[in-house]
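A structural walkthrough
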Amino acid sequence: MKEEKGLSASSRRSFIKGSLATLATFSIVPRHVLGKGYLAPSDTLTKAIVGTGSMGRGHIPYAGTKVVALCDVDKRHLDIAVNMVDKGVKTFSDYRELIQLPEVDIVHVATPPHWHGIIAADAARAGKDVWCEKPMTRTIGEGKRLVEAVQQHGRVFRLNTWFRFESNFYGMNTTVKPIKKLVQSGLLGWPLKVTVSKHTGFDWKFYWVGKTNNAPQPVPAELDYDMWLGPAPYKPYSEHRVHQTFRGYWDYDGGGLGDMGQHYIDPIQYFLGKDDTSPVSVEVDAPQQHTEAVGTWRRITYTYADGCQIVLDGEAKDDKVAYIEGPKGKLYQNFKSDIPDLEKKLAAFPDPEPQVTDFVDAVKNRKKFALNEENGHRSCTIVNMGLIALRLGRSLKFDPDKQEFIDDEGANRLINQPMRAPWTI
């Protein structure tokens, strides 16, 4: 075979060896550079954060990842985040440019919820793995589209509420693992009623309510308000509508239920074994809600086909209520029970199945994370069922398989809510 023009065979071998040696000295190399299934020499994944408010900035130092790009529509937030990372990080005001960066492995979506579904789905379509803040999506329809995007493009997805697998679960003063073990053991019987209340250790944060008398204000120079609104209906700027207090407006979130609901409800779905289904009804007891501003509520009750219930108690009148109540026993705050020698009895039962709880490992080895697009969508659907019932002021029946309301056209219209052009999911 003839020698090709240019480098000789020996020269080419020397060049390749030198190139590989140089590559080995890089501190960060995106996974795509080395090909699927190969890791950078540093074993570090690259990450971009969309939304650099307090939540986005709080996840900058996540172990095993390095931030290489940041995006925010508020220059003030972006400047703060830039000062927290290494020099050379790329910055953007439009996430659509960021998700096209070939050097990004993971996109972390830390925006208000009305952006979650769109950005996460677009990132998945762009070939990125996704870490998304809760609630997963603002509507049930957006959740369905996001599940499709993640799975069609073979991405790894993590929803950022972690109580089903680590950390003390609020007032229970334990991780969820022993609660799951107790439910699996059958010691409490079946069906079960779970009450989420101030007296079981869960604060509904009713200070996240909207104002009905917001006067229009000048838009701050550092904020691209039109991009902040994105798919949401146009409303005159008011300071109370943006940043943390956005939670009090239906256009962007759902008050205390939108803010804390998935933290509280997702572990319940897990320990009840309901990750592949949804309740068949939701009943609400609440004052009439304003059309724009989220208000408070007294009680929301979800019922599953087998009779299990989740009760969200906003009034917290019963200070003796059990967290879990079954026909054979009760479990109270701080993992106390009316079952004698509970811990001794539990020791005889097997532990729950292990979960994939290391997101970096899940991305590197293409594993489904413990809280992923499927079970995350199911627990978020419970939140959104409650929000729809609150907005309409009536109880609703739900089909878990079709994921739509039964004989209620008004409720079904809120599954897929209109988006301001040009935004779609």
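In the nomenclature of an unreviewed UniProt entry, the protein chain corresponds to Dehydrogenase from the organism Dyadobacter fermentans.

**Let's talk about the confidence of the model for the protein chain**
When pLDDT is averaged across the protein chain, the result is 92; 90% of the residues are at 70 or more. Note that pLDDT drops below 50 for residues 1-29; the model gives that stretch 20 contacts with residues more than four away or on any other chain. In this model, residues 32-41 is a region of pLDDT below 50 whose contacts with residues beyond four sequence positions or in other chains number 17 contacts.

**Some thoughts on the packing of helix 6 (residues 113-125) against helix 7 (residues 140-152)**
Taken N-terminus to C-terminus, the directions of helix 6 and helix 7 make an angle of 15°; their axes are 8 Å apart at the nearest point. By the angle between their axes, helix 6 is roughly parallel relative to helix 7. Helix-helix and strand crossings are classified by hand; for helix 6 and helix 7 the assignment is left-handed. Between helix 6, through Gly117, Ala120, Ala121, Ala124 and Arg125, and helix 7, the contact on the second element is made entirely by Glu142, Leu146, Ala149 and Val150. Here the residues of the contact of helix 6 with helix 7 are counted per class, giving six nonpolar, one polar and two charged.

**Things to note about the nonpolar core**
In this structure, Tyr95, Leu98, Val107, Phe157, Tyr225, Trp228 and Tyr252 are the most contacted members of the largest nonpolar core, which totals 55 residues. Among the elements that take part in this core, helix 6 stands out by supplying seven residues, more than any other. For Phe157, the contacting residues outside a window of four places in its chain are Ala120, Val130, Cys132, Met136, Leu146, Val150, Phe359, Phe369, Leu371, Asn372 and Glu373. Grouped together as the second largest cluster of nonpolar side chains are 53 residues, Phe169, Trp250, Leu257 and Val282 included.

**Some points on the sheet that holds strand 9 (residues 299-303)**
Read from one edge of the open sheet, nine strands run 13-12-11-7-10-9-8-14-15, paired in mixed fashion. Of all the strands in the sheet, just strand 13 (336-337) and strand 15 (404-405) have a single pairing partner and so form its edges. Relative to strand 11 (residues 324-326), strand 7 (residues 193-196) runs antiparallel, the two being bridged by two bridges. Residue Val194 lies in a different strand from strand 11, and its bridge partner there is Ile324. Contacts from helix 10 (residues 255-272) reach strand 7, strand 9, strand 10 (309-313) and strand 11, with the element oriented near 155° to strand 7. Across the sheet, helix 13 (residues 373-392) touches strand 8 (281-285), strand 9, strand 10, strand 14 (396-399) and strand 15, and the angle it forms with strand 8 is around 45°.

**Digging into the pattern of salt bridges**
Side chains bearing opposite charge may pair, as long as their charged atoms lie close to each other. Scanning the model with the defined rule gives 30 salt bridges in all. Where Arg164 meets Asp275, a salt bridge forms, and the shortest distance between an N and an O atom there is 2.9 Å. Taken together, the residues Arg164 in the loop between strand 6 (157-160) and helix 8 (177-185) and Asp275 in the loop between helix 10 and strand 8 connect sequence positions 111 residues apart. Put simply, Lys181 and Asp351 hold a salt bridge, and the shortest N to O gap is 3.0 Å. A residue pair is termed long-range when its members are at least 10 positions apart, and Lys181 in helix 8 and Asp351 in the loop between helix 11 (342-346) and helix 12 (359-365) qualify at 170 residues. Linked through salt bridges whose partners overlap, the residues forming this network are Lys134, Lys205, Arg247 and Asp259.

**Some remarks on the sheet that holds strand 3 (residues 90-92)**
With respect to topology, six strands assemble into an open sheet ordered 3-2-1-4-5-6, the strand pairing being parallel. One side of each edge strand has no neighbouring strand; the edge strands of this open sheet are strand 3 and strand 6. Adjacent strand axes in the sheet meet at a mean angle of 25°, parallel and antiparallel pairs treated alike. Two strands pair when backbone bridges link them, and strand 1 (residues 45-50) and strand 4 (residues 106-109) are joined in this way by four bridges, in the parallel orientation. Note on strand 4: the bridge partner recorded for Lys47 is Ile106.

**Describing the packing of aromatic side chains**
One pass over the full model with this rule turns up 28 aromatic pairs. An angle of 90° between the planes, with centres 5.1 Å apart, marks the rings of Phe206 and Trp297 as edge-to-face. One end of the pair, Phe206, is in the loop between strand 7 and helix 9 (225-229); the other, Trp297, is in the loop between strand 8 and strand 9, and 91 residues separate them in sequence. Considering the side-chain rings of Phe359 and Phe369, the 5.8 Å spacing of their centres and the 90° angle between planes classify their relative orientation as edge-to-face. Of this pair, Phe359 sits in helix 12 while Phe369 sits in the loop between helix 12 and helix 13, and the two are 10 residues apart along the sequence. Take Phe369: its relative accessible area is 2%, and that puts it in the buried class. Clustering of aromatic rings is evident, with ring pairs tying together Trp162, Phe163, Phe169, Tyr170, Phe202, Trp204, Phe206, Tyr264, Phe271, Trp297 and Tyr323. Taking the ring centre of Tyr249 as reference, the NZ or CZ of Arg241 above it sits at 4.7 Å. Of note, Lys274 hangs over the ring of Tyr304, and the distance from its end group to the ring centre comes to 5.0 Å.

Thresholds, definitions, all that
- Residues numbered from 1 in each chain as written.
- Predicted model: local features only at pLDDT ≥ 70, side-chain atom pairs only at ≥ 80, totals over all residues.
- Heavy atoms only, no water.
- pLDDT = per-residue confidence, 0-100.
- Contact = heavy atoms within 4.5 Å.
- Axes fitted to C-alpha atoms, helices over the stretch in contact; angles between N-to-C directions.
- Helix = DSSP H or I, 4+ residues; strand = E, 2+ residues; numbered from the N terminus.
- Parallel < 35°, antiparallel > 145°, perpendicular 65-115°, else oblique.
- Left-handed = near helix turned anticlockwise from the far one by under 90°.
- Nonpolar A, V, L, I, M, F, W, Y, C, P; charged D, E, K, R; others polar.
- Core = buried A, V, L, I, M, F, W, Y, C linked by side-chain atoms within 4.5 Å.
- Buried < 20%, exposed > 50% of the residue type's maximum accessible area, 1.4 Å probe, protein only.
- Pairing = 2+ DSSP bridges.
- Salt bridge = Lys/Arg side-chain N within 4 Å of Asp/Glu carboxyl O.
- Phe/Tyr/Trp six-rings, centres within 6.5 Å; stacked < 30°, edge-to-face > 60°.
- Lys NZ or Arg CZ within 6 Å of the ring centre and 35° of its normal.

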